[in-house]
Amino acid sequence: MKYYPNSPLLYEKGFSIIINDEALSFDSSICYYFDYDQRSHSVNMDFPHFHSFYELMILLSPKAYHFVNGTRYDLASNDIVLLAPSVLHQSEYPPGTPSDRIIIGFLFPQKMPSFPGAYKEILSVFNSPCPVFRFHREEQNLLFSSINDIADISQRTTNPAVRNLMIHNKFVEFLFTLYSLKDQNHYTPSTEGGIKEKIYSITSYIHQHYGEDISLTTLADAFYISPYYLSHQFKEVTGYTVVQYIQLTRIKNAQYLLLNSNEKITQIAEATGFSSFSQFNRVFRKLCQTSPSDYKAEARKSSTDVTLTSVNQ
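As the structure is a prediction and not an experimental result, all values here were calculated from the model.

## Describing the pattern of salt bridges
Under the definition given, this model contains 7 salt bridges. We note a salt bridge from aspartate 152 to arginine 156, for which the minimum N-O separation is 2.5 Å. Taken together, the residues span about one helical turn, with aspartate 152 and arginine 156 both in helix H2 (residues 137-156) at a distance of 4 residues. A relative accessible area of 65% means that arginine 156 is categorised as exposed. Here glutamate 173 makes a salt bridge to lysine 170, at a shortest N to O gap of 3.4 Å. Residue glutamate 173 and its partner lysine 170 are located together in helix H3 (residues 160-181), separated by 3 residues, close to a single helical turn. Of the residues examined, glutamate 173 reaches a relative accessible area of 36% and is grouped as partly exposed.

Pasting the structure below:
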């Protein structure tokens, strides 16, 4: 591995580390997936998705965008995006040369055998108001040294059990350092004006209020814009109509609840903003090509939702 230009991080395209990436009982397993790779403009996602595990992305290339719960964040080299489980997010990479990045997906048992309060506290950084962290070089050196150590440990330690334990300890060290530096975050969200930024504000509003009675008319009123103009510009910026975007946001959140909660399907339909179960069932079938109950049964049977190597950035 070599140091990436203008970064204290070591990088090698195609390098990966996998620990316990199987259909295991995640109540008792520590799982990791480190992915050092590229993504190009041609594989940009059409709509936000979610994971049942924690995920962080470190951008190495000069520029990319990340949408988190409908809010757009402009990224630069060495920025870190933190994503808690169930958060809808979407990467967007610019045309041209593919973008280099490191993705780390991980999952800790619901009940850690020791220091459960400490793990909960250092993971609270994933619930920060701003999900993007930007540090000066001195702070980057301190923070990323643990990630470089993990890459070195994975290549030099032959005993699998010892290797996995050392990687876990180093990653906890990384999390603690990130937690201790959280108040030194230098990232400032873009304050550009114009209709595009207004549309991003509206998508963020939809992600925050999808469980309520929202429509093209209510959004137009809330953001002081004509329904016709909003309809046209929304499709121009997002590629979706307002109604499509609302429905997709509701269904994505319903999918997460179907897989990760014990609520009844009728309760999920109500919680995600549908006026009736029949409407929920109809829209779900239209967008997912299956019923909510069949989706839940099939996904839990295959356990694909919690497989960390399904990371697709």
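Next comes the rest of the account.
## Remarks on helix H1 (residues 116-123)
For H1, the full list of buried residues reads Tyr119, Ile122 and Leu123. With its buried residues spanning 100° around the axis, H1 presents them on a single face. On its buried side, H1 packs onto strand S5 (54-59), strand S10 (99-107) and H3.

## A few points about the pairing of strand S6 (residues 63-68)
Burial runs high along S6: 5 of the 6 residues are buried. Pairing analysis gives 6 bridges linking S6 to strand S7 (residues 71-76), with the strands arranged antiparallel. By the bridge assignment, tyrosine 65 is partnered in S7 with aspartate 74. Remark: 2 residues form the turn of the hairpin made by S6 and S7, two consecutive strands paired antiparallel; asparagine 69 in that turn has positive phi of roughly 50°. Pairing geometry for S6 and strand S9 (residues 89-92), over 4 bridges, is antiparallel. Across the sheet, residue tyrosine 65 finds its bridge partner in S9, namely glutamate 92.

## Digging into the packing of helix H4 (residues 195-209) against helix H7 (residues 242-260)
For the pair H4 and H7, interaxial distance at closest approach is 9 Å and the crossing angle is 40°. Taken together, H4 and H7 sit at an angle that is classed as oblique. Remark: the crossing between H4 and H7 carries right-handed chirality. Residues Thr203, Ile206 and His207 of H4 form the contact with H7, whose own contacting residues are Tyr245, Ile246 and Thr249. Residue composition of the contact of H4 with H7, by class: 3 nonpolar, 3 polar and no charged.

## Structural notes on the UniProt feature "domain: HTH araC/xylS-type" (unreviewed entry) in the chain
The UniProt record annotates "domain: HTH araC/xylS-type" (unreviewed entry) at residues 200-298. As annotated, residues 200-298 comprises 75% helix and 0% strand, and the C-alpha atoms at either end are separated by 34 Å.

## Things to note about the packing of aromatic side chains
Applying the stated rule across the entire model yields 28 aromatic pairs. Residues phenylalanine 34 and phenylalanine 171 carry aromatic rings whose centres are separated by 6.0 Å and whose planes lie at 90° to one another, so their mutual orientation is edge-to-face. Placement of the pair is phenylalanine 34 in strand S4 (residues 31-39) and phenylalanine 171 in helix H3, with a sequence separation of 137 residues. For phenylalanine 34, a relative accessible area of 0% puts it in the buried group. Exposure remark for phenylalanine 171: the relative accessible area of 0% places this residue in the buried category. With a centroid separation of 6.3 Å and 70° between ring planes, the pair formed by tyrosine 240 and tyrosine 245 is classed as edge-to-face. In this structure tyrosine 240 comes out as buried when scored by relative accessible area, which is 16%. Each member of the aromatic cluster is reached from another via a ring pair, and the members are Tyr32, Phe34, Tyr54, Phe106, Phe108, Tyr119, Phe126, Phe171 and Phe174. For lysine 182, the ring lying beneath its charged end belongs to tyrosine 179, and the centroid distance is 3.9 Å. Seen from the ring of phenylalanine 274, arginine 250 lies directly overhead, with NZ or CZ sitting 5.9 Å from the centre.

## Digging into the environment of proline 85
With respect to the helices and strands, proline 85 occurs in the loop between strand S8 (80-83) and S9. Proline 85 sits 20 residues away from glycine 105 along the chain, and the two C-alpha atoms are 10 Å apart. Every residue in contact with proline 85, bar those within four places of it in the chain, is listed here: His51, Ser52, Phe53, Tyr54 and Tyr256.

## Considerations on the nonpolar core
The biggest cluster of nonpolar side chains holds 56 residues, and the ones touching the most others in it are Phe126 and Phe171. A per-element tally of this core places H3 first, with 8 residues. Once residues within four sequence positions are removed from consideration, phenylalanine 171 is found in contact with Tyr32, Phe34, Leu56, Ile104, Phe106, Phe108 and Ile150. Counting 16 residues, the second-largest nonpolar core is a separate cluster that includes Ile202, Phe223, Tyr240 and Ile246.

Cut-offs used in this document
Residues numbered from 1 in each chain as written. Predicted model: local features only at pLDDT ≥ 70, side-chain atom pairs only at ≥ 80, totals over all residues. Heavy atoms only, no water. Salt bridge = Lys/Arg side-chain N within 4 Å of Asp/Glu carboxyl O. Helix = DSSP H or I, 4+ residues; strand = E, 2+ residues; numbered from the N terminus. Buried < 20%, exposed > 50% of the residue type's maximum accessible area, 1.4 Å probe, protein only. Arc of directions from axis to C-beta. Contact = heavy atoms within 4.5 Å. Pairing = 2+ DSSP bridges. Axes fitted to C-alpha atoms, helices over the stretch in contact; angles between N-to-C directions. Parallel < 35°, antiparallel > 145°, perpendicular 65-115°, else oblique. Left-handed = near helix turned anticlockwise from the far one by under 90°. Nonpolar A, V, L, I, M, F, W, Y, C, P; charged D, E, K, R; others polar. UniProt positions renumbered as here; feature names shortened; annotations may be inferred. Phe/Tyr/Trp six-rings, centres within 6.5 Å; stacked < 30°, edge-to-face > 60°. Lys NZ or Arg CZ within 6 Å of the ring centre and 35° of its normal. Core = buried A, V, L, I, M, F, W, Y, C linked by side-chain atoms within 4.5 Å.

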